[in-house]
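# Breakdown of the fold
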Amino acid sequence: MNGDDKLINDLSINSIQNDFDLLPKNEENLIPLKDIYEGVIHRYYSELLNLSETLTNKVNREKKVEIFKLIQDFIQNATKLLVLLRWAKQSKDVLKYKNIYDFLELQNSYFRGAADALHMVHQEMNLARIPNFDISTAVDVLTTGTYSRLPSIIKEPISLPPLKNEEIKDAIEKLEDVTRMRLLCDEIVPKPMKKNYVIENGAVRFTVENEFEVTLRLEGKQQDNWRLLDLKIFVKPDEDLNHDLIIPLQEYQINFLKNNAQVIISKDATNVDLNQNPNINLITNPPNAATSTNNTNSNEEEKSTTPKKIWPLIELYRYLHSFCLSMQLEIFRLQIEYLIKTRWANRLRFNMSADQKTLQLFYWNEKEKNRNMEINKNKDLKNKEGKKSNIVELSITTAEDKVVFYTNKENKEDNSNSLLIAKSQTYEYEQYIQSNLTIHCYQLLEDGTKKELIDPTTSSKVKFNINSQKLNIEKILDRVTEVHAFSILFELKNILIGKSNSNITIHKCNSNDVIEKNFYNSKTTDEEMEKQQPELIICYRINHYVKITVDGRTGRIVITEYNEQGTDNINSFIQEKIKNVEEKINKDMTKAVDYLIELRNLTIINEIELLSIYLGLEPSKKLLITQEELRKLMNSNVLFFSQDIIYLKYPNYPNYYIIIYINDEEIKSSSRNKHDSSYFKVWLVSTKKKNSSGFLEFSLIMNLDISQLLENDNIKDDSDNEQDNFHHLRKRRCIEEQSIWDKTKNLTLDLETLSKIEAVCRYKIAYCLLTTQLKNLHIPYYFISLKSKNHVIDYDSPLSIFDLIIKIRVKDIIPDVIRKCVLGDYVLKLNNDLYITATGNTLNNENNAGPFEKFSIKNHVKGIARGIKVVAKLQIKPGELPINEDFSIGKNLLRDINFSVKTKVLTFTYSKINDCIYRILNIWKGLVMLRIIASQAYTNRDILESHEMTIDKINLLKTKILFYEKNYVEFALNSNLDNPNSNGINIIFGIKGDNKSTVFYKEKEFLIEDFLMDYNVINFLLKLKTKYKLFKNINLIEKSREMINTYSTLKVEKESLEKIKLIYNQYTIEIGQCTENLVGILCSDSSYGIQSKVNMIPQFQSFIDKVVQLHATNTPPKKSDLDEKATKEDKEKENKNGNEQTKGEEQEDCICMKIPNGIIFEIRYIDQVMNSLNKLMNGISYMDWLYNTINQIEANKQNKGKINYSKKAKGPLLLSYEGESLEFTLSFDFDKKQNDEKKDEEKNNEKNKEKEWSMKLKSNGESLKGDILIEKILNLKNPIVGFKSLTQLMILPPEIAKEILKIICLEKKENQHKVISEICLAVPEGLPGYLPNAGESAIYTDFQNKRIGLICQIYYNDVSANGQTNETSQSKHSIIIPFFYNWRSKFFCEWKGDPEFSKLEDTNKCISWLRDERHGELSRLNLFFIQISKAFEQNKEKGEKEAIQFAFNTLSSMKPEQYKAIEIKN
């Protein structure tokens, strides 16, 4: 049953589906989706084509707007189309329901129609029973008495015989004769139709050229009615401007014209009104038929009661001619619409009159916003748009035409006979209106008047020949714009040469400067006019031309730069100014001459701008200044509003400007100048900000007369000048009155003249700055001139600025030096007066042309360097110093210093003039001081040699004295010149051959102050020698504690040369030199009051006893251990010298005296004493730091340990600690004696360390080798770091601390593989950044995560480096292995940052973490540590308990080849 039910269901579904398919499909109101797609595509394709043609004439902003509109509209329609497409995929059900609905609606309509039809039949059947009566036959019988209708009319059939060919020919000839006589006698034929008509085949064919062709035939019983057989219209557009919107006349439109024309020429067509016919447009329907009514006198028409006679041919011509004219006007309108959308976008607009007979085309229209094109709605708007418009008006005009015909006035009743045969021939004229298409070109002015467009070549209106078969409005428009553009150019030429306005006399161009090119004349053909464009070439300045044309599309005057060769100039520096002149001439053409003169001035200003850039100046056209400031230069407001002014700023002196102005008043005056450059006015001003608004205030420095700069120029001979056209022009000007145009045509400011102006102003600025600085420093100065014999300076002449010299006397500069110096009188006797002058680079006469072709205003190129330098000179007395060679120096001191042995003159040059005076004075002071120092050292060289001092170098810039063989003091010129109170010299201390070591770097100011008290070099050098040893040892102590200062600070206070304090935390030591040979050391305490007890240094008394013992045994001085850089050769040499010196001094008594809390001793033992003092204070610092750190650690612990610190004035320092992890007793005893004093010094030092320091160590009840640990700690660069590592072990579990201490306390020994390994106490250098910094503690304890970080360093021999087995040839390598150990999980891992693996709590979590693939691949070192962890777990069963010891032994027991497999940075 289930299978049958399924089959039945399938059948029922299929049957229903088949029934649906049989339903009628009503697609009447449906549109195929394909048509919608095609419509959208075609629409946007056409719009895209139109847009591509119109975008070429638009600016970028308009282009973007149009493209955006098109894209936005397209996106909206595409979205709609997408919605429709998605709906169409599911529209089958909707269509199915619609077909069902239509089918049911159709059935209902059938039922309703059947019911209505039955009802109608029931009502009309009664009327169908009545018979039809023959009413027409009855009427004929009653009226005429006869019966002429069927069937009686066919009782007598008429059968005409067929005509023969001859009869047909005769009938046609007779018909042609009748037609010919009808045209000659009875018809009035219009002139255009009479010119060309043919009578043939019994018909007449009239042809009106370029309009229409019509064929007529006479018919009727009397052959008095015209029948229109054929009609052809010739009006059509040109193929070049034909587009899809212009559709040719269709056949039904021609038939419509034929019917109307036939009605007009029928004989009963009197007063026919064709306006009752429906109107049909030219594009979609035929044009309106013209009203065939005569426009005669209206009064006569009212009086006449009889209808007026209609002449068929005249009316036919009037109808067809009017249609052709209207069709031409409509084609023109459509072509204009096409041009507006494409090639003439935004340049055209049109207006069609209401009667469709006038078409106004407005050309050269600028684009206006929100312009309303519907001018018919508002008359005011129409008048407004008509203002200042260029119009081409195409209109259908009417004119009276006269036609001659014969008539008989005597017999007016019989008109037919009177028209055929005239009894008395008289002439009567009947008027009719002849319509024509006229083109009128004019300009609608502001006052509403019309200005006719006149062709300058013919001095008449523009004429046009319109071919109706090739209608092209663009050719008409091109012709109009060509004539109009040429008329504008022609009028501009007349304005320029002064023919247009009689009032223009001076302000006009020279006719030779205005050149016509491609101008039209009466012989110019249309082809030549299309190829050539009229141009005006104007020479507005020598070698400067502009080309003036008129754009045919816009009507604007276009001005571009032009070369003499006839090509456009590639330079663009003046293009912007030319465009401004172009805008002005387009607004007011009558002032074109003035605008070109302005362009000339702007060109001159721009050339000055370019030349100034070449000269290194910064030009600007505007400054932020007020009108009042400019009135300081000229007592008028001309400068404020003028564009003929430029401001040139000096980049090195930004407050100074050169102002250059073209003096219009001088140009307009009748005075004559010798030089054209005299028309320029030049000022040099200084500026400063007037107020917070930023406005500048002027201070006039110099009013420069350019003519004085040009007086020394060579004047050419008259013979050479006569060859110059410009010279002829000048000679002519002496007789004639000069015009402004010719007066400034050669005006220029060349590079040579501008270079002189700039140089004069630059020198003037230099001397202004120099004198201002001297006045501020209150230093007297004098101006002198070397070229002037009588020393009289002409300050009014600009050229005198180059000869000025400033003289400054020595007593006015350094009176304090002269007063203090022992050689003050000697300084006054020397010729030390300072002479300062300014010098700078200028251009040669050969290089006087600016590179205008290489750069422009918009493309700045850095100009040549035109700076100014200050040169000072100092005269040296011959033989004063042993200087026998020239020298120069300049880079380091920002100046150039040169000395010439020949002239004995020392010159120094400084380029920064803004603040150079005090710098120059500092240099000069330094040079004088160095001269005094060199003279003292050179004249007293015997005294220096007696004190073991030698002169290494001596000249005017440097004096170098050596003492103690390699130590030196150097007096040099001070390189820091910014300090106005500088003494000019710099004292440098150092070691010869070692530029890095610095001696007396903190005592420098005290030494210099001591020297400046009397400027006595000899006393200074002797004092320096006595202070040297003490200061050197103090500096060495301070340098040796640089690393320790982060934990235990040492502060050195040097108040003077005799008083120095060393402050070690709470201990203070004062050191001073009592005499030349005695030094005192005193223990004091500055932190307590005067009456308080001094805080004595532990074991300080032992230190004093050791110093006394040193003097008692008369031990020779030894090299200090603090000087680490001393080589073995230096030590041997010094010991040898010391032994030789002590042999002679053994017999002398040693001075050593104890004082309260201190001691006084001889300076020759200073090195050993300071070394012992440093050891004592370092030991105390280590013990104090360790005690304080242990207290801080124990304060945070629950089970606190026991701490005991014994610190007494006498006896050793003892520090004991008992804690859970470890126990130790640390001792520092400075008083222990040396057992063997004759052993080597290095071994003695090691034994001293062992004897002075001792340590007993226990961990977890087991004694360890504490002496090895303390030895490793003291051997570190910073031993405090080693003690810090020891404190890290205090917080570890006892068994872990014990393991680590056992490894650390092991001695370094090689194993069987020649491998040495150790646990580091301090982090080595060169490790990655994720490890602690170098020099810090290498033991990291993380008690929270139960882990500790250690660094293992392994030394091994790399056999693979050279492949040899000899131990001496094998290279030594070291490898650093940092690792973490978690004493809870018993796992090791690599110490790389803060690994998560090292924080896991137990073994199971570590194993799970290793099996997780998300953690990625492990490094080789991590894998190696995991293997060590697993191996320890396996050996744990065998009794292995110390994991760290196991890992350390495993790392140490590997072969050298295995270390290379570990990827770790060495």
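Here's a quick rundown of the structure. (Residues numbered from 1 in each chain as written. Predicted model: local features only at pLDDT ≥ 70, side-chain atom pairs only at ≥ 80, totals over all residues. Heavy atoms only, no water.)

## Some remarks on the overall build of the chain
Summing up its helical and strand segments, the chain has 41 helices and 47 strands in all. By residue count, 44% of the 1466 residues in the chain fall in the buried class. Sequence separation of at least 24 residues holds for 64% of the intrachain contacts in the chain that already meet a minimum separation of 6. Accessible area of the chain: about 83,000 Å², with a carbon and sulfur share of 49%. (Helix = DSSP H or I, 4+ residues; strand = E, 2+ residues; numbered from the N terminus. Buried < 20%, exposed > 50% of the residue type's maximum accessible area, 1.4 Å probe, protein only. Contact = heavy atoms within 4.5 Å. Areas by Shrake-Rupley, 256 points an atom, 1.4 Å probe, with all protein chains shown as cover.)

## Describing a negative patch on the surface
On the surface, a cluster of negative charge is contributed by Glu 166, Glu 167, Asp 170 and Glu 173. Within the element layout of this structure, Glu 167 appears in helix α6 (residues 165–186). (Patch = residues over 30% accessible without salt bridge, like charges linked within 9 Å, V, L, I, M, F, W, Y side chains within 5 Å. Salt bridge = Lys/Arg side-chain N within 4 Å of Asp/Glu carboxyl O. Lys, Arg positive; Asp, Glu negative; His and termini not counted. Charge placed at Lys NZ, Arg CZ, Asp CG, Glu CD.)

## Quick word on the pairing of strand β13 (residues 535–541)
Two faces make up the sheet, and in a regular strand the side chains alternate between them. With 7 of 7 residues buried, β13 lies mostly within the body of the structure. In this structure, strand β12 (residues 514–517) lies alongside β13, joined through 4 bridges in antiparallel fashion. Bridged to Ile 515 within β13 is Ile 537. Bridge count between β13 and strand β14 (residues 544–550): 5 bridges; the pairing is antiparallel. Across the sheet, residue Ile 537 finds its bridge partner in β14, namely Lys 547. Adjacent in sequence and paired antiparallel, β13 and β14 are bridged by 2 residues, among which Asn 543 carries a positive phi angle near 65°. (Pairing = 2+ DSSP bridges.)

## With respect to helix α33 (residues 1166–1195)
Here α33 is 30 residues long and its end C-alpha atoms lie 43 Å apart, about the 44 Å a rise of 1.5 Å per residue gives. Most of α33 sits out of view: 24 of its 30 residues are buried. (Expected span 1.5 Å × (residues − 1).)

## Points about the sheet that holds strand β16 (residues 618–620)
The strand order across the open sheet formed by 5 strands is β16-β17-β18-β19-β20, and the pairing between neighbours is antiparallel. The sheet terminates laterally at β16 and β20 (696–704), the two strands that pair on one side only. Here the average twist between neighbouring strands, direction ignored, is 30°. By the bridge criterion, 5 bridges tie strand β17 (residues 645–649) to strand β18 (residues 656–662) in an arrangement that is antiparallel. Directly across from Ile 646, in β18, lies its bridge partner Ile 660. (Axes fitted to C-alpha atoms, helices over the stretch in contact; angles between N-to-C directions.)

## Regarding the sheet that holds strand β2 (residues 203–208)
Pairing is antiparallel across the open sheet formed by 4 strands, whose spatial order is β1-β2-β3-β4. On the outer flanks of this sheet lie β1 (197–200) and β4 (225–233), each paired with one strand and no other. Averaged over all neighbouring strand pairs, the angle between strand axes comes to 20°, with direction disregarded. Across 8 bridges, strand β3 (residues 212–219) lies against β4 in antiparallel orientation. Opposite Glu 219, over in β4, you have Asn 225 as the bridge partner.

## A closer look at the packing of aromatic side chains
Across all of its chains, the model carries 30 aromatic pairs by this definition. For the pair Tyr 781 and Phe 783, a centre-to-centre distance of 5.9 Å together with 85° between the ring planes defines the contact as edge-to-face. On the basis of relative accessibility, which here comes to 22%, the residue Tyr 781 falls in the partly exposed class. Taken together, a centroid distance of 5.3 Å and an interplanar angle of 85° make the contact between Phe 963 and Tyr 1028 edge-to-face. Taken together, the residues span a long stretch of sequence, with Phe 963 in strand β29 (residues 958–963) and Tyr 1028 in helix α30 (residues 1017–1040) at a distance of 65 residues. A connected cluster of aromatic rings, assembled from ring pairs, spans Phe 1379, Tyr 1381, Phe 1388, Phe 1424 and Phe 1425. In this structure, Lys 1346 packs its charged tip against the face of Phe 1343, placed 4.0 Å from the ring centre. Of note, Arg 1347 hangs over the ring of Phe 1380, and the distance from its end group to the ring centre comes to 4.5 Å. (Phe/Tyr/Trp six-rings, centres within 6.5 Å; stacked < 30°, edge-to-face > 60°. Lys NZ or Arg CZ within 6 Å of the ring centre and 35° of its normal.)

## Here's the deal with the state of the cysteines
Taken as a whole and judged by the stated rule, the model has 0 disulfides. The thiol of Cys 1352 is not disulfide-bonded; the next cysteine sulfur, from Cys 1320, is found 7.3 Å away. The cysteine Cys 1389 is free of any disulfide, with Cys 1406 supplying the nearest cysteine sulfur at 8.6 Å. Using a relative accessible area of 2% as the deciding quantity, one classes Cys 1389 as buried. (Disulfide = S-S within 2.5 Å.)

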